[in-house]
Amino acid sequence: DAGVTQSPTHLIKTRGQQVTLRCSPKSGHDTVSWYQQALGQGPQFIFQYYEEEERQRGNFPDRFSGHQFPNYSSELNVNALLLGDSALYLCASSRGTAVVWGSGYTFGSGTRLTVV
Amino acid sequence: QKEVEQNSGPLSVPEGAIASLNCTYSDRGSQSFFWYRQYSGKSPELIMSIYSNGDKEDGRFTAQLNKASQYVSLLIRDSQPSDSATYLCARGNSGGYQKVTFGTGTKLQVIP
């Protein structure tokens, strides 16, 4: 049973560029949440997708956008990259209310983004 | 006030001792709480969840919840060097759509 798959694992981009990160959720999961984790910090909620719609969003600018496809996979796009966007980007999949009342998230291994 | 607060550590304990990790939260409506373990360079993994006041035990791990004091803790008995990691405290939001809010994590070092 495949877990959560994220790609790429590492990425180096230049300020001002755009980047797309990808996530395939665990089999049976229908909800994808994205988190940003800066070095030495806890994961910060970016947004969550369910039924191909963004249903809630954290305190991140519009430069951060996403998409969910019919097969539940998801993309995170970041435009006009800043040095401060350098972080580990985590995809977490879940099924319905299991996030809070059940088994919680299953995290992917993350994408390490470095902006230079 | 941060939604979930933890001491960043590091917390150093000798092998075989009890490690005690603490966390406070600000939203009184929170009903679910989690402890995630994160090894350096890896993604978080869920080790405990707790929803009711009191203690919940799973092997060497015990989670404690006190909603009146808005306090959550994790005890690790017989600490092993392999327990050395960052422990993230998290809460589930109290209403609406489901999401989890994390603290900054406490780094635990178990000294052989």
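This structure is a prediction, so every number in the text was calculated from the model and none was measured. (Residues numbered from 1 in each chain as written. Chains lettered and ligands numbered in written order. Predicted model: local features only at pLDDT ≥ 70, side-chain atom pairs only at ≥ 80, totals over all residues. Heavy atoms only, no water.)

### Examining the overall build of chain B
At step 1: Across its full length, chain B holds 0 helices and 11 strands.
At step 2: Listed N to C, the secondary structure of chain B is β-β-β-β-β-β-β-β-β-β-β in terms of helices and strands.
At step 3: Relative to the compact-globule value of 13 Å for 112 residues, chain B shows a C-alpha radius of gyration of 13 Å, a close match.
At step 4: Viewed in the frame of its principal axes, chain B has a C-alpha envelope of about 45 × 30 × 20 Å.
At step 5: In chain B, the share of contacts with a sequence separation of at least 24, taken over all contacts with a separation of at least 6, comes to 55%.
At step 6: Of the accessible surface of chain B, which amounts to about 5,100 Å², a share of 46% is contributed by carbon and sulfur atoms.
At step 7: Positive and negative side-chain charges of chain B, numbering 11 and 10 respectively, have mean locations separated by a distance of 6 Å. (Helix = DSSP H or I, 4+ residues; strand = E, 2+ residues; numbered from the N terminus. Rg over C-alpha atoms; globule rule 2.2 N^0.38 Å. Contact = heavy atoms within 4.5 Å. Areas by Shrake-Rupley, 256 points an atom, 1.4 Å probe, with all protein chains shown as cover. Lys, Arg positive; Asp, Glu negative; His and termini not counted. Charge placed at Lys NZ, Arg CZ, Asp CG, Glu CD.)

### Focus on the interface of chain B and chain A
At step 1: Listed as interface residues are 20 residues of chain B and, on the opposing side, 24 residues of chain A.
At step 2: Of the roughly 1,800 Å² buried at the junction of chain B and chain A (both faces included), carbon and sulfur atoms supply 57%.
At step 3: Counting the contacts that link chain B with chain A gives 5 residue pairs in polar contact (both at pLDDT 80 or more).
At step 4: Sorting the residues of the side of chain B that touches chain A by element identifies strand 4 (32–38), strand 9 (85–92) and strand 10 (100–102) of chain B as the ones contributing at least two each.
At step 5: When residues in the side of chain B that touches chain A are grouped by element, the largest group, 4 residues, is from strand 4 of chain B.
At step 6: Grouping the amino acids of the side of chain B that touches chain A by side-chain chemistry returns 9 nonpolar, 9 polar and 2 charged. (Buried area = accessible area lost by both parts, 1.4 Å probe. Polar contact = N/O pair within 3.5 Å; in protein donor to acceptor, adjacent residues only side chain to side chain. Nonpolar A, V, L, I, M, F, W, Y, C, P; charged D, E, K, R; others polar.)

### Digging into the state of the cysteines
At step 1: Applying the stated rule across the entire model yields 2 disulfides over all chains.
At step 2: Sulfur-sulfur distance for the disulfide between Cys23(A) and Cys91(A) comes to 1.8 Å. On the S-S bond that ties Cys23(A) to Cys91(A), the torsion sits near -55 degrees, and the link is left-handed. On the criterion of sequence distance, the pair formed by Cys23(A) in strand 3 (residues 19–24) and Cys91(A) in strand 9 (residues 87–94) is long-range, its members being 68 residues apart.
At step 3: Looking at Cys91(A), the relative accessible area reads 0%, which means it is buried.
At step 4: Paired by a disulfide, Cys23(B) and Cys89(B) hold their sulfur atoms 2.1 Å apart. Measuring handedness by torsion sign, the sulfur bridge of Cys23(B) and Cys89(B) sits at about -75 degrees and is left-handed. Of the two residues, Cys23(B) is situated in strand 3 (residues 19–25) and Cys89(B) in strand 9; the sequence distance between them amounts to 66 residues.
At step 5: Given a relative accessible area of 1%, Cys89(B) falls into the buried group. (Disulfide = S-S within 2.5 Å. Buried < 20%, exposed > 50% of the residue type's maximum accessible area, 1.4 Å probe, protein only.)

### Observations regarding the layout of surface pockets
At step 1: Estimates place the volume of the largest pocket at around 460 Å³.
At step 2: As for the largest pocket, its lining consists of 21 residues, of which Gln37(A), Gly40(A), Gln38(B), Ser40(B) and Thr86(B) are closest to the centre.
At step 3: Elements represented by at least two residues in the lining of the largest pocket include exactly strand 9 and strand 11 (106–111) of chain B.
At step 4: Among the residues forming the lining of the largest pocket, the class breakdown is 6 nonpolar, 12 polar and 3 charged.
At step 5: Approximately 340 Å³ is the volume attributed to the second largest pocket.
At step 6: Lining the second largest pocket are 15 residues; nearest its centre among them are Pro43(A), Gln44(A), Glu3(B), Thr101(B) and Phe102(B). (1 Å grid on protein atoms, 1.4 Å probe; cavity = no way out; pocket = protein on both sides within 12 Å on 5 of 7 lines; lining within 4 Å. Points joined across faces, edges and corners; volume = space filled by probe spheres on them.)

Nothing here speaks to function; it is all geometry.
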